[in-house]
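For reference, the chains in residue letters:
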Amino acid sequence: MADEVTIRVVGSFQEISSSEWGLLSGACRSGAGYNPFTSHAFLSAIEDSGSATAETGWMGHHLLLEEQGRLIGAIPCYLKSHSQGEYVFDHGWADAFQRAGGRYYPKLQASIPFTPATGPRLLVRQGEDVMRVQSLLAQGLRQVAQELEFSSAHITFLTQGELTSVTGANFLHRTDQQFHFINRGYTNHEAFLAELSSSKRKTLRKERRSALENGLSIDWLTGRDLTEEIWDQFFHFYIDTGSRKWGRPYLTRMFYSLVGERMADDILLVMAKRNGRYVAGAINFIGADALYGRHWGCIEDHPFLHFEVCYHQAIDFALEKGLARVEAGAQGEHKLARGYEPVITHSAHFITHPGLRRAVADYLEQERREVAQIGEFLGEHTPFRKGERQLREGEEFDG
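Looking at an unreviewed UniProt entry, the protein carries the name GNAT family N-acetyltransferase, with the source organism given as Peteryoungia algae.

Here it is as structure tokens:
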């Protein structure tokens, strides 16, 4: 790098000024491209709560790009001792490398812990030359991996607009697929349903009615509604689901208190109530133009309640607030029938060992073709009645 431009690594967001971080792309709440997951409030909460720490395998290793002592760019980054909580799976690469005598861990992971949501990863200070700073950040991440002799550096769920910079720094491109609801100017949920085929429209109306049988009702909680009592109840839901899915839930109870304290207006809890108590709920984060669904849980099982709380209510909220889309998390082809469309997501991977790099590059070339083919097939089987919806690229969602 040029003499006046340096990369500095810090181990915690406690070492980073929230006001200076807020000048970076996507991190400023008042900015047009605000992404709640790249905010200082979210990233510091996930560390301060003990959710992402060295003890849990997420050691802070954040890259700050400075020019003459002034912050011009950054990458939220972690030194990982495992591959859990990333949603872009490289276990096979690790196993193969270790069987061949290599040491895959620790690795560098540029990501938002436990959060499979697309957003900026190469953060650029407002007013700076975006391509220049992104290129310097990508080169800096690669340089850190090489100098410290790590096996690899990974950037997950980055925007399509960042790909030019990272592939120019010899990162390998990987694709995957999610399902997002796209708001095409619908005035309300009925206007959206009108775009569906008659049979799908009838099915979803019936599903929504059935979900709220047995005396169930729905509340939207945000801002001052998010009391410690509410967080206690929601954490109970989260623990129940997390224990069954992952064995050990990733997030601590303190995490919810901290985000409730630091960014309550950016959070929506969709809570289902029966007989005067909450029995299920889903947490969503609110960005400048999107609602991001994260996880849900319940203490009572009711048919279709998961779909209502996580997908239909999210669409209702997005339409009411004029948001452009709903990103409902990783995977889940069942979302397709509920009006969510296939969307390509992106990650980038720098592999330091030449042999492993060749093997991974060959694998990713085939995988990209398969992802595209599956997406094209799914795009032809959406519930919409007016034409076919094609697989949509991430460029639309760079914010």
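Okay, back to it.
Visitor: What is the right way to look at the nonpolar core in this model?
Guide: Note on soluble globular proteins: their nonpolar side chains tend to be buried together. Judged by nonpolar contacts, the single largest core of 47 residues is most densely connected at Trp 21, Phe 42, Phe 234, Phe 255, Tyr 256 and Leu 269. Taken together, the elements giving at least two residues each to this core come down to α2 (40–48), β4 (70–75), α8 (228–246), α9 (253–262), β11 (267–274), β12 (277–286) and β13 (290–298). With six residues, the single largest contributor to this core is α8. Other than its neighbours up to four places away in sequence, Phe 255 contacts Phe 42, Ala 45, Ile 46, Ser 49, Ser 51 and Phe 285. Leu 291, Tyr 311, Ala 314 and Val 326 belong to the second largest nonpolar core, which has 36 residues in total.

Visitor: I would appreciate a short explanation of unusual backbone geometry in the present structure.
Guide: For residues that are not glycine, phi is negative in most cases, and the peptide bond is trans in most cases. Residues Tyr 105 and Pro 106 are joined by a peptide bond in cis, for which omega reads 5°. As for its position among the elements, Pro 106 is in the loop between α3 (91–99) and β6 (107–110). Here Glu 149, not a glycine, exhibits a phi torsion of approximately 60°, which is positive. With a relative accessible area of 70%, Glu 149 lands in the exposed category. Of note in this structure, Asn 214 is not a glycine but carries a positive phi near 65°.

Visitor: Sorry if this is basic, but what is going on with the side chain of Thr 56 here?
Guide: When you line up the elements, Thr 56 lands in the loop between α2 and β2 (58–60). For Thr 56, a relative accessible area of 19% puts it in the buried group. Only 2.9 Å separates the side chain of Thr 56 from the backbone nitrogen of Thr 53, close enough to count as a polar contact. If we skip the residues at most four places from it in the chain, Thr 56 touches Gly 50, Ser 51 and His 82.

Visitor: Explain the confidence of the model for the protein here, please?
Guide: Low pLDDT marks regions whose predicted coordinates should not be analysed in detail. Model confidence for the protein is summarised by a mean pLDDT of 93, while 94% of its residues fall at 70 or above. Contacts from residues 388–399, a stretch scored under 50 in pLDDT, to residues over four places away or in other chains number 44 contacts.

Visitor: Mind showing me how you'd approach the pattern of salt bridges here?
Guide: Summed over the entire model, instances satisfying the criterion amount to 24 salt bridges. Here Glu 66 makes a salt bridge to Arg 8, at a shortest N to O gap of 2.8 Å. Here Glu 66, found in strand β3 (residues 62–67), pairs with Arg 8, found in strand β1 (residues 5–10); they are 58 residues apart in sequence, far enough to count as distant. You can call Glu 66 buried: its relative accessible area is 12%. For Lys 80, the salt bridge is made with Glu 86, and the minimal N-O distance between the two is 2.4 Å. The buried category is assigned to Lys 80, whose relative accessible area is 0%.

Visitor: Mind showing me how you'd approach the pairing of β3 here?
Guide: Within a regular strand, side chains alternate between the sheet's two faces. With six of six residues buried, β3 lies mostly within the body of the structure. In this sheet, β3 lies alongside β1 in antiparallel orientation, the contact comprising six bridges. Bridge assignment links Val 10 to a residue of β3, and that residue is His 62. One ladder, built from five bridges, connects β3 with β4; its direction is antiparallel. Its bridge partner lying in β4, Glu 67 is registered against Arg 70. Linking β3 to β4, which pair antiparallel, is a turn of two residues; within it Gln 68 sits at a positive phi near 50°.

Visitor: For this particular structure, what's the right way to read the packing of aromatic side chains?
Guide: One pair of aromatic rings is described through two measures. These are the centre distance and the angle between the planes. For the structure shown, the criterion picks out 27 aromatic pairs. Considering the side-chain rings of Trp 220 and Phe 317, the 5.2 Å spacing of their centres and the 75° angle between planes classify their relative orientation as edge-to-face. Highlighted residues: Trp 220 in strand β10 (residues 217–221) and Phe 317 in helix α10 (residues 305–321), separated in sequence by 97 residues. Look at Trp 220 and you get partly exposed, because its relative accessible area is 28%. Here a set of aromatic residues connected by ring pairs shows up, and it is made of Phe 37, Phe 42, Trp 231, Phe 234, Phe 235, Phe 237, Tyr 238, Phe 255, Tyr 256, Phe 285 and Tyr 292. When the ring centre of Trp 58 is taken as reference, the NZ or CZ atom of Lys 80 above it lies at 3.9 Å. The cationic tip of Arg 338 hangs over the ring face of Phe 307; the distance from NZ or CZ to the ring centre is 3.6 Å.

Visitor: I keep staring at the sheet that holds strand β7 (residues 123–124) and nothing clicks. Help me out?
Guide: Strand pairing in a sheet is mediated by backbone hydrogen bonds. Such pairs are either parallel or antiparallel. In spatial order, the strands read β1-β3-β4-β7; together these four strands make up an open sheet with antiparallel pairing. A single partner strand is all that each edge strand has here, and the edge strands are β1 and β7.

Visitor: Honestly, α3 in this entry has me stumped. Any pointers?
Guide: Working note: α-helix, 3.6 residues per turn, so residues spaced by three or four point in the same direction. For α3, the complete set of buried residues consists of Trp 93, Ala 94 and Phe 97. Take α3 and look down its axis: the buried residues cluster within an arc of 100°, on one side only. Against β8 (152–158), β9 (172–182), β15 (341–351) and α11 (354–379) lie the buried residues of α3.

Calculation rules
Residue positions are given per chain, counting from 1 as you read along its sequence in written order. Selection of residues for local features in this predicted model requires a pLDDT of at least 70, selection of side-chain atom pairs for listing and counting requires 80 or more, and totals for whole chains, interfaces and linings are taken over all residues. The basis for every side-chain value is the complete set of non-hydrogen atoms in the structure, without hydrogens or water. Nonpolar cores were defined as sets of buried Ala, Val, Leu, Ile, Met, Phe, Trp, Tyr and Cys residues, with membership established by side-chain atoms within 4.5 Å. When a residue's accessible area, from a 1.4 Å probe over protein chains only, is under 20% of the maximum for its type it is buried; when over 50% it is exposed; and in between it is partly exposed. Secondary structure elements are taken from DSSP: a helix is a run of H or I of four residues or more, a strand is a run of E of two residues or more, and numbering for both begins at the N terminus. In this description, contact between two residues means that some pair of their heavy atoms is separated by no more than 4.5 Å. Two N or O atoms count as a polar contact when they lie within 3.5 Å, although within protein this holds only if one can serve as hydrogen donor and the other as acceptor, and sequence-adjacent residues are included solely when both atoms are side-chain atoms. You can read pLDDT as the predictor saying how much it trusts each residue, on a scale of 0 to 100. Basic side-chain nitrogens of Lys or Arg form a salt bridge, by our definition, when they fall within 4 Å of a carboxyl oxygen of Asp or Glu. In this analysis, strands are considered paired if DSSP registers two or more bridges between them. Two aromatic rings, drawn from Phe, Tyr or Trp (for Trp, its six-membered ring), form a pair once their centres lie within 6.5 Å of each other, and the interplanar angle then sorts them: stacked below 30 degrees, edge-to-face above 60, tilted otherwise. Two conditions define a charge located above a ring, namely a distance within 6 Å from the ring centre to NZ of Lys or CZ of Arg, and an angle within 35 degrees of the ring normal. Think of the arc as the fan of directions from the helix axis to the C-beta atoms.

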